[in-house]
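Okay, here's what each chain looks like letter by letter:
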Amino acid sequence: MKRMLSGVLAMVMACLLFTGWSVATAEEVDYVALAQADTNFNATGYPIVNEKVKKTIMIRQPANIGDPAEMETLNYIAEKMNIEIEWIVVGADGWKERINLMFASNDLPDIIMKGDISNLSRGIEDGQLIPLDGLMEAYSTGLKPLLEAYPGVDTSARAADGKLYTLPGINTLKANLTSHRNLWINKTWLDNLGLAMPTTTAELLDVLRAFRDQDADGDGNPSNEIPYGVEDSGAGHNARPDIIAGLFGLYSNFGYDNVQLVDDQVSFLKSTDAWKQVLQYMNTMYTEGLLDNEVYTQTSDMSIGKISSGNIGVFGLSSDDLFTTVSDQYVALAPVQSDSGLEPVIALASNSMGSNTFITAADESPWVSFRLLDYFFTEEGSMTIGCFNPDLIGITCQQYEDGSWDYSDEMLQDERGVAVAVGEACPLPGGGFGYWRHEKNSNYIYSQKVQENVPVWEPYYQTTSVYGAPQFDTETTDRINEIRSDLDVYVNECQAKFITGEMSFDKWDEYISTLQRLGVDELVGYYQAYYDSIR
């Protein structure tokens, strides 16, 4: 790889690489000074470098994106920046093992993209990831102003030492922050049976029973409808009780399904009497055959197939990309009122899409990498990575007379669905990516259909503060992981057993006692201390 580096710069870089970068050394490195000494580097404008440089990027590849090396958007951006990219592509199933091995052996790429790091705090403390604060102050035209506009993202992205080691994805598309907690209902079925839109949890059960018993689709078979289904494209085998919990006014926080924040107090959500009421309601749904009884065993393909067929009465989904061929059958269902005494709510995720994009200590010119990644947070870059750029018209996009953008006709008419075509052209589907997601670059999840229905859900969006997952120090992280390794498994197992009826609610007190024994109070204490530190 050619570099136009001064002799002093080359010597400094060689020394840093040789010594392995202790934490103290990494903090002392003045990356901006090194960037200023790099005569090949352009601090503003494009290309980023005069003479092409090579970067290795390790990327997590979920099932809904194609080969990054073949993506028109990424290739266009690499050419614009004058950067040659060597992609290290790792499937989602093998990501954790591969990333752990690379950190253990210190055999790191320049950039890590679209994937989390199991022990992030350890990688930071060992100096394997570099702090980005100085580079951001000097060269950011995208990330810095967004973090200033969304300080909650900045807070949650910072490590225990207060520094920024990640370029966190930032999601300002509010309709997408629901994480599939907004409900759709089959209006065609309602009309076929002469039913009104349900407004209470009791009425919802009655509607689901009618869907089950009265041949709602009118095909002559009264037993082939699925009253309530769950989107499970990630094969999590989860009944998504968080969706139903919103009807009872409950929601979690800190990027962790099991804790809540109420009146500045953190508590364990899934040990409350209100949560018991949610599970009892879902037990009724399951035992009466209203909730899809294959929810814990179905494959992701089965889940998607059921939704795309139009054979489900009610389900939660943020977008309509999985049921575009039958979308005319569905309308938004406003959260129904329970008898919990709390107003129904659609919980929102943090504007942070998590810590999933990093520059490692192996990178010889991290200032170049930073400017490349920062581009994804600019207006132009966020549009380009989403397929929309004048230079890509006819390839990945088209622009209408009113100035709005859409995907190319070829992509829109793809028999596999537009989401599949988008995943082959850009890396956005599947989340977990350091870029700015907004209303203008997310057509595949923010269609006209979704936009028309948002007004039904929007009055119920969570209004209290949403915090992202904290970054604890290594010692605290290790202890939290130790507690959660048993606690989370136990909670999930009992949750499923309560819903299916395998565990009687007579065992609720025993369940609570076991949570105490597994360290729930200590765990809540760590989250409370974190919250108190950022208030």
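Everything in this summary refers to the structure shown in the same document. (Residues numbered from 1 in each chain as written. Predicted model: local features only at pLDDT ≥ 70, side-chain atom pairs only at ≥ 80, totals over all residues. Heavy atoms only, no water.)

Glancing now at the pairing of strand β1 (residues 53-61). The pairing of β1 with strand β2 (residues 83-91) spans nine bridges and is parallel. Each bridged residue has a counterpart across the sheet, and for Lys 54 the counterpart in β2 is Glu 84. Pairing of β1 with strand β3 (residues 111-113) involves three bridges; the strand directions are parallel. In the sheet register, Ile 59 faces β3, and the bridge partner there is Met 113. (Pairing = 2+ DSSP bridges. Helix = DSSP H or I, 4+ residues; strand = E, 2+ residues; numbered from the N terminus.)

Scanning all chains against the criterion turns up 22 salt bridges. A salt bridge links Glu 522 to Arg 479, with the nearest nitrogen and oxygen atoms 2.8 Å apart. Within this pair, whereas Glu 522 is found in helix α22 (residues 520-534), its partner Arg 479 is found in helix α20 (residues 474-500), the two being separated by 43 residues in sequence. What makes Glu 522 partly exposed here is its relative accessible area of 31%. Between Arg 484 and Asp 488 there is a salt bridge, and its shortest N-O distance comes to 2.7 Å. Taken together, the residues Arg 484 and Asp 488, both in helix α20 and four residues apart, mark about one turn of the helix. Each of the salt bridges in this network shares a partner with another, and the network as a whole consists of Asp 206, Arg 209, Arg 212, Asp 213 and Glu 288. (Salt bridge = Lys/Arg side-chain N within 4 Å of Asp/Glu carboxyl O. Buried < 20%, exposed > 50% of the residue type's maximum accessible area, 1.4 Å probe, protein only.)

A few words now on the sheet that holds strand β5 (residues 183-186). Spatial ordering of the open sheet is given by β6-β9-β5-β10, a layout of four strands whose pairing is mixed. In this open sheet, the two strands that pair with only one neighbour each are β6 (226-228) and β10 (330-333). For this sheet, the mean inter-axis angle between neighbouring strands, taken without regard to orientation, is 30°. Strand contacts of helix α19 (residues 448-457): β5 and β10, with the helix running at about 30° to β10, the strand carrying the most contacts. (Axes fitted to C-alpha atoms, helices over the stretch in contact; angles between N-to-C directions. Contact = heavy atoms within 4.5 Å.)

On the basis of which strands lie adjacent, the open sheet formed by four strands has the order β2-β1-β3-β11 and mixed pairing. Looking along the sheet, the strands with just one partner apiece sit at the ends: β2 and β11 (357-359). With strand direction ignored, the average angle separating the axes of adjacent strands in the sheet is 20°. On the sheet, helix α5 (residues 95-105) packs against β1, β2 and β3 and is oriented at approximately 140° with respect to β1.

Before going further, it helps to examine the pairing of strand β9 (residues 312-316). Within β9, five of the five residues are buried, which leaves it mostly tucked inside the rest of the structure. Of the pairings in the sheet, the one linking β5 to β9 comprises three bridges and is antiparallel in character. Across the sheet, the residue bridging to Trp 184 is Phe 315, located in β9. Note that β6 and β9 share two bridges and pair parallel.

Our focus in this paragraph is the packing of aromatic side chains. Throughout the structure, instances matching the rule amount to 26 aromatic pairs. What links up through ring pairs into an aromatic cluster is the set Phe 254, Tyr 256, Tyr 467, Phe 472, Tyr 527, Tyr 530 and Tyr 531. Taking the ring centre of Tyr 256 as reference, the NZ or CZ of Arg 484 above it sits at 3.7 Å. (Phe/Tyr/Trp six-rings, centres within 6.5 Å; stacked < 30°, edge-to-face > 60°. Lys NZ or Arg CZ within 6 Å of the ring centre and 35° of its normal.)

Packing of α20 against α22 brings their axes to within 10 Å, and their N-to-C directions diverge by 140°. As far as their axial angle goes, α22 and α20 are oblique. Of the two elements, α20 crosses α22, and the hand of that crossing is left-handed. Two secondary-structure elements touch here, α20 through Thr 476, Arg 479, Ile 480, Ile 483, Arg 484 and Leu 487 and α22 through Val 520, Glu 522, Leu 523, Tyr 526 and Tyr 527. Residues belonging to the contact of α20 with α22 are distributed by class as follows: seven nonpolar, one polar and three charged. (Parallel < 35°, antiparallel > 145°, perpendicular 65-115°, else oblique. Left-handed = near helix turned anticlockwise from the far one by under 90°. Nonpolar A, V, L, I, M, F, W, Y, C, P; charged D, E, K, R; others polar.)

By volume, the second largest pocket is sized at about 380 Å³. Surrounding the second largest pocket, 21 residues form its lining, Asp 406, Asn 443, Tyr 446, Ser 447 and Gln 448 being those nearest its centre. Listed by contribution, the elements that provide at least two residues to the lining of the second largest pocket are β13 (405-407) and α19. No other element matches the three residues that β13 contributes to the lining of the second largest pocket. Taken together, the residues of the lining of the second largest pocket break down into eight nonpolar, eight polar and five charged. (1 Å grid on protein atoms, 1.4 Å probe; cavity = no way out; pocket = protein on both sides within 12 Å on 5 of 7 lines; lining within 4 Å. Points joined across faces, edges and corners; volume = space filled by probe spheres on them.)

With that settled, the discussion passes to a negative patch on the surface. On the surface, Glu 125, Asp 126, Asp 161, Asp 473 and Glu 475 cluster together into a patch of negative charge. By the secondary structure assignment, Glu 475 is in helix α20. Classification of Glu 475 by relative accessible area gives exposed; the value is 67%. (Patch = residues over 30% accessible without salt bridge, like charges linked within 9 Å, V, L, I, M, F, W, Y side chains within 5 Å. Areas by Shrake-Rupley, 256 points an atom, 1.4 Å probe, with all protein chains shown as cover. Lys, Arg positive; Asp, Glu negative; His and termini not counted. Charge placed at Lys NZ, Arg CZ, Asp CG, Glu CD.)

On to the environment of Phe 323, then. Tracing the sequence through the fold places Phe 323 in the loop between β9 and β10. Under the relative-accessibility criterion, Phe 323 is labelled buried at 0%. In sequence terms Phe 323 and Lys 306 are 17 residues apart; their C-alpha atoms lie 9.3 Å from each other. In contact with Phe 323, other than residues within four places in its own chain, are Trp 184, Ile 307, Ser 308, Phe 315, Leu 317 and Tyr 330.

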